Amino acid sequence: MSLATKLKAFKPFELAALAFYAVTGIILLASLFLTGFPPHLGFLAILSLITAYSFLTKRGWTQWLVAAVFIIITAFTLDTLFSAGFSDALVGVSMLGYAVLTWIFTAYIILKK
């Protein structure tokens, strides 16, 4: 089955969740080169890309992976907010948006099944 056929089977909000996890994984991988290669960004990037893949292929372990990513990303964003976010408005707004979108898409995926 081609990628276009698989994507047509998704509802719009499911497609947005898939795109969110894929795009955040790519952004986190790209930011590795700009921030001195911190390992936690690489870990989050790989985990986000694996989540997007599992959601695309409708694996049975998608919910468990989404729950794990939810906990890890929430801890990462809260740590970043409290350490650097309140002194830099751009970092604060982006981390807050990242956390809120993660919470929304996690609630949708967990409650959908």
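Since the structure is predicted, the reported quantities are computational estimates derived from the model, not experimental observations.

Draft legend 1. Focus on a nonpolar patch on the surface. A contiguous nonpolar surface patch, about 500 Å² in accessible area, is contributed by F13, L96, V100, L101, W103 and I104. If one sorts the elements of the nonpolar patch by residue count, helix 5 (residues 89-112) sits on top with five residues.

Draft legend 2. Here's a closer look at the packing of aromatic side chains. Enumeration according to the criterion identifies seven aromatic pairs in this entry. For the ring pair F13 and F105, a centre distance of 5.2 Å and an interplane angle of 45° mean the geometry is tilted. With F13 in helix 2 (residues 12-32) and F105 in helix 5, the pair connects residues that are 92 residues apart, well separated along the chain. F13 sits in the partly exposed class, given a relative accessible area of 36%. You can call F105 buried: its relative accessible area is 7%. Note on F20 and Y21: the rings are 5.3 Å apart at their centroids and 65° apart in plane angle, and the pair reads as edge-to-face. Exposure class is identical for F20 and Y21. Each is buried. Taken together through their ring pairs, the aromatic side chains of F13, F20, Y21, Y98, F105 and Y108 make up a single cluster. Directly above the aromatic system of F10 lies the positively charged group of K58, at a separation of 4.9 Å from the ring centroid.

Draft legend 3. Representation of the environment of T106 within the structure. Inspection of the secondary structure assignment puts T106 in helix 5. The sequence separation of T106 and V69 amounts to 37 residues, and the corresponding C-alpha distance is 8.8 Å. Once residues within four sequence positions are removed from consideration, T106 is found in contact with Y21, V66 and F70.

Draft legend 4. Spotlight on the nonpolar core. L18, Y21, L28, F55, F76, Y98 and I109 are the most contacted members of the largest nonpolar core, which totals 24 residues. Of all elements in the fold, only helix 2, helix 3 (39-56), helix 4 (62-85) and helix 5 reach the threshold of two or more residues within this core. Filtering out sequence-adjacent residues up to four positions away, F76 remains in contact with H40, L41, L44, M95 and Y98.

Draft legend 5. Up close: helix 3. Along its 18 residues, helix 3 runs 26 Å from first to last C-alpha, staying within 8% of the 26 Å computed at 1.5 Å per residue. The complete set of buried residues in helix 3 reads L41, G42, L44, A45, L47, S48, T51, A52, S54, F55 and L56. Where helix 3 ends, the next residue or the one after it, K58, has phi of about 55°, a positive value.

Draft legend 6. Quick look at the packing of helix 2 against helix 5. At their nearest, the axes of helix 2 and helix 5 sit 10 Å apart, and the two run at 135° to each other. Classified by the interaxial angle, the pair formed by helix 2 and helix 5 is oblique. Helix-helix and strand crossings are classified by hand; for helix 2 and helix 5 the assignment is left-handed. Only Y98, L101, T102, I104, F105, T106, Y108, I109 and K112 of helix 5 make contact with helix 2, whose side of the interface consists of F13, E14, A16, A17, F20, Y21, T24 and L28. For the contact of helix 2 with helix 5, the per-class residue count stands at twelve nonpolar, three polar and two charged.

The rules behind each value
Residues numbered from 1 in each chain as written. Predicted model: local features only at pLDDT ≥ 70, side-chain atom pairs only at ≥ 80, totals over all residues. Heavy atoms only, no water. Patch = residues over 30% accessible without salt bridge, like charges linked within 9 Å, V, L, I, M, F, W, Y side chains within 5 Å. Areas by Shrake-Rupley, 256 points an atom, 1.4 Å probe, with all protein chains shown as cover. Salt bridge = Lys/Arg side-chain N within 4 Å of Asp/Glu carboxyl O. Helix = DSSP H or I, 4+ residues; strand = E, 2+ residues; numbered from the N terminus. Phe/Tyr/Trp six-rings, centres within 6.5 Å; stacked < 30°, edge-to-face > 60°. Buried < 20%, exposed > 50% of the residue type's maximum accessible area, 1.4 Å probe, protein only. Lys NZ or Arg CZ within 6 Å of the ring centre and 35° of its normal. Contact = heavy atoms within 4.5 Å. Core = buried A, V, L, I, M, F, W, Y, C linked by side-chain atoms within 4.5 Å. Expected span 1.5 Å × (residues − 1). Axes fitted to C-alpha atoms, helices over the stretch in contact; angles between N-to-C directions. Parallel < 35°, antiparallel > 145°, perpendicular 65-115°, else oblique. Left-handed = near helix turned anticlockwise from the far one by under 90°. Nonpolar A, V, L, I, M, F, W, Y, C, P; charged D, E, K, R; others polar.

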